[in-house]
Amino acid sequence: MRPQWLRRARRFGTRSAAVVATSALALTIPFPADSAVLTERPVSYVDPLIGSSNGGNTYPGATLPQGMIAWSPTSTTGDQTSTGAANGYQYDTTRIRGLSLTHVNGAGCNPGAAGDVPVMPFVGDVTSSPSADTKDAVYAADFTHAEEKAVPGRYTLGLKSGAAADLAVSKRAGVADFTFPSDRPANLLFRVSNSLNGSEDAHVEIDAAQRKVTGWVLTGAFCGRRANGGTNNRKSYYKLYFSASFDRDFASVGTWKDGTLSAGSTSASGGEGYATGADRAGRGSGGYVGFDTSSDNDVRMRVGISYVSLDGAEANLRGEIAPHASVAAVADAGARAWDRELSTVRVGGGSPAQRTTFYTALYHSLMQPNLISDGDGRYYGMDGAVHRLARGQQAQYSNFSGWDQYRAQIQLLALLKPRIAGDFAQSLYNFARQNNGVWDRWVHISGATHVMTGDPSAATLATFYAMGVRNFDYEGAFDSLVRQATVPRDEGLSDAGCPGQCVGQRPNLAQYLTSHYAAQDVCHCWGGAAETLEDAVADSALAKWAAPLGRDQEAAVFTERGAYWGNVFNPAATAGAGYIQARRLDGSWVTPFSPGSDLGFAQGTSATYTWMVPQDVQGLAAAMGGRDAAAVRLDGFFHKADGSWSVRGGDPLRYDPTNEPGIHAPWLYNALGQPWKTQETVREILNTVYGTGPSGLPGNDDLGTMSAWYVFSALGLYPQTPGSASMLLSAPLFPSAVVDRPGGTDITISAPGADATHPYIDAVRVNGRTTQRSWTGAGLTTKGGTITFRLAEQPNTQWATDPANLPQ
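Structural notes, computed from the coordinates. (Residues numbered from 1 in each chain as written. Predicted model: local features only at pLDDT ≥ 70, side-chain atom pairs only at ≥ 80, totals over all residues. Heavy atoms only, no water.)

Some remarks on the nonpolar core
Item 1. Judged by nonpolar contacts, the single largest core of 213 residues is most densely connected at Phe178, Phe190, Phe246 and Trp545.
Item 2. It is helix 11 (residues 528-546) that provides the largest number of residues to this core, a total of eleven residues. (Core = buried A, V, L, I, M, F, W, Y, C linked by side-chain atoms within 4.5 Å. Buried < 20%, exposed > 50% of the residue type's maximum accessible area, 1.4 Å probe, protein only. Helix = DSSP H or I, 4+ residues; strand = E, 2+ residues; numbered from the N terminus.)

Notes on the packing of aromatic side chains
Item 1. Under the definition given, this model contains 34 aromatic pairs.
Item 2. Judged by centre distance (5.8 Å) and plane angle (80 degrees), the ring pair of Phe250 and Phe291 falls under edge-to-face. In this pair, Phe250 sits in the loop between strand 12 (236-246) and strand 13 (252-257) while Phe291 sits in strand 16 (residues 285-291), placing the two residues 41 residues apart along the sequence. Neither Phe250 nor Phe291 differs from the other in exposure class; each is buried. (Phe/Tyr/Trp six-rings, centres within 6.5 Å; stacked < 30°, edge-to-face > 60°.)

Some points on empty space enclosed by the protein
Item 1. Per the counting criterion, the structure on display carries nine cavities of 30 Å³ or more.
Item 2. For the largest cavity, the calculated volume is near 120 Å³.
Item 3. Lining the largest cavity are 13 residues, with Tyr406, Arg407, Pro614, His664 and Pro722 positioned closest to its centre.
Item 4. Taken together, the residues of the lining of the largest cavity sort by class into seven nonpolar, four polar and two charged. (1 Å grid on protein atoms, 1.4 Å probe; cavity = no way out; pocket = protein on both sides within 12 Å on 5 of 7 lines; lining within 4 Å. Points joined across faces, edges and corners; volume = space filled by probe spheres on them. Nonpolar A, V, L, I, M, F, W, Y, C, P; charged D, E, K, R; others polar.)

What about the sheet that holds strand 29 (residues 727-729)?
Item 1. If you walk across this open sheet you meet the three strands as 28-29-34, and the pairing is antiparallel. The two strands at the open ends of the sheet, each matched to only one other strand, are strand 28 (717-719) and strand 34 (775-776).
Item 2. Bridge count for strand 28 against strand 29 is three bridges, and the pairing is antiparallel. The residue bridging Tyr718 from the neighbouring strand is Leu728, located in strand 29.
Item 3. Most of the contacts of helix 17 (residues 705-715) go to strand 28, to which it runs at about 135 degrees, and overall it touches strand 28 and strand 29. (Pairing = 2+ DSSP bridges. Contact = heavy atoms within 4.5 Å. Axes fitted to C-alpha atoms, helices over the stretch in contact; angles between N-to-C directions.)

Let's talk about the layout of surface pockets
Item 1. In this structure, the largest pocket encloses a volume near 310 Å³.
Item 2. Lining the largest pocket are 20 residues, and of these Gly108, Met452, Gln603, Asn700 and Asp702 lie nearest its centre.
Item 3. Residues belonging to the lining of the largest pocket are distributed by class as follows: eight nonpolar, seven polar and five charged.

Regarding the pairing of strand 18 (residues 345-348)
Item 1. Covered by surrounding structure in strand 18 are Val345 and Val347 together with Arg346 and Gly348, the residues of both alternating faces.
Item 2. Of the strand pairs in this sheet, strand 18 and strand 30 (residues 736-739) are connected by four bridges, and their pairing is antiparallel. Note that in strand 30 the partner of Val347 across the bridge is Ala737.

Some details on the pairing of strand 10 (residues 201-207)
Successive residues of a regular strand alternate their side chains across the two faces of the sheet.
Item 1. In this structure, strand 10 lies alongside strand 11 (residues 212-220), joined through seven bridges in antiparallel fashion. Bridging across to strand 11, Ala202 finds its partner in Val217.
Item 2. What sits between the antiparallel neighbours strand 10 and strand 11 is a turn of four residues, in which Arg211 has the positive phi angle 55 degrees.
Item 3. In this sheet, strand 15 (residues 267-269) lies alongside strand 10 in antiparallel orientation, the contact comprising three bridges. Within strand 15, the position partnered with Glu205 by the bridge is Ser267.

Put into structure tokens, the structure is as follows:
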């Protein structure tokens, strides 16, 4: 039987040929014959090590699309309570203390989240407590990248100690081959308490008769090192259970707690706490099992995990990995799963490096959301109780980096995986109902972390609905989000967790509804100006959602609220220009003011946030003195005074590709009537900021957000604004692409002249009709169709410039 990926590639080639014929007649451009078909499996282009340096905070280990298990190294720089980088792995740190079962892709704070239950192959006798090895001097090992191989669904690592690990995973389980030198003691350490942020408690149980090691860790503490507001985020909110079985008997067993090693013991408990450094070092528990490798130096382990129970972990293992399955067989199944996922976008042409960058970005984009429900449909809720899936729901998902993801990643999810998007929407609604009606900004497993600012859930679910996602209780979710946006709550007057993790999801809402902006001196938020902009985006999205639901009153109210951004735009902020600026309750502007200052903002400056009005670009342009004046200012955002590009970050006055409030800014030229500048700016970023190798991401991937930006931009599309299905247009990077629309007509993109010398749009046809708009309506996104580009070496400064046809 022909592999699915090959059948899709051939179908792609046939369909593209038809599009090419139409395009050639319409635009009189020949289509390069060698660019129409992706001849390799998409998975062959993925490099999981991209983003593992340069602050990308990705991890290279084995995981599947939206998987629960993510088996990857925890590195060390000589501090048992820390790692080389957020999320456990940094390419330049080549010493590990274990291979952990859970990870989060690209979160931006060290030590990030998860990294639960590091399993360490150790060569030598266990003669002291690994928890007492506070500098990771004994029970850790060096490696070289020459002994490391990462591919989707599989990870292999050889250690200088002579041990090696070969890992492959299903959704909720994994299998590993650990090899050891035949002439030295061989042990596996289960560091049950040593999650990245520490733990409240942990337990390990060794059953030599059944060849099993089981246990759990009670942990949480997202971004635990920060501890904003005292100990606000140093709290537990999930318990991870694991069950590991082996293909051979144990030669020795033992456990430890804190500094005490107990050889022969089969049970131990104890957490590390959530401090760091000396305040936590030396604490914790774990167990070890030893093997006689004199005649057979390979040890096979199968492991299942669950957030519900030990029985759930064992059932997940039984249901997903056969008793005698090999690493190769499980890895093969994983590669096929990733091929199916990645084949939802099939590009033709481009260089091998461009295809590697593209498919790795797509890989990172579709890692999340992550399963937290077991195979039987049970999951641990935000209220601390076990629940079952809602009616019609296929899975409960979590890991919602809302402030990041609502700008690009959730749009890509809705476009490519609408069924998963709907289950994710239902998951977030389930959590909100379990959390007394509060939709948390950053949900990790079943915990409300409160990270960042604004109300990203409103923007996210409104966007899902706009893009045609319907498999969730959208009316119940809408009503709940409206309540959050209109009914003040007591926690909105608390400063707990501020800045960064303020507990109020709509902080000081009563004041906001009266003043029509978040006052810096009483907002109980990270920054009043940022909060105002974020809430205006969310409210505008709610308005767009309300209209098709027939909720005319809410549509009118939230449309008005979507314009509140104007209340923090100070036209006289500097002598020469207006900027977004924080205000006090009495209406005065917070001073001193500088465009490069972050006072009143969250992880950004006024220079960046001033552009964060995607719902009303025409209004922003008018406030700046008109579209031409705004375009001149935008030029200065992307260029230095000498005209050279400034798109790599590091300048508080200019574009930062790692800073979410500004990542849509390259696309604003479309609304300003100068779309050719979007084309050249996006191409410059694609060519210079993203790439192959460990430094191939500009910074924190933020659960696929930066990767999704690349995927959209390489296709020549970008979401116009939250709550909408419209896409802004730029020049595609590839000559051809097909985007699957599950259950409907695909989106076919043809750009025959796409190459390094043709970065500009000369003409566009949508479904065969010439368009003078630099954007598409919702129809292309929700119903599918064809879009054909004629590209040019020089900008066409007439195309899509009519004021009547500009995006809003």
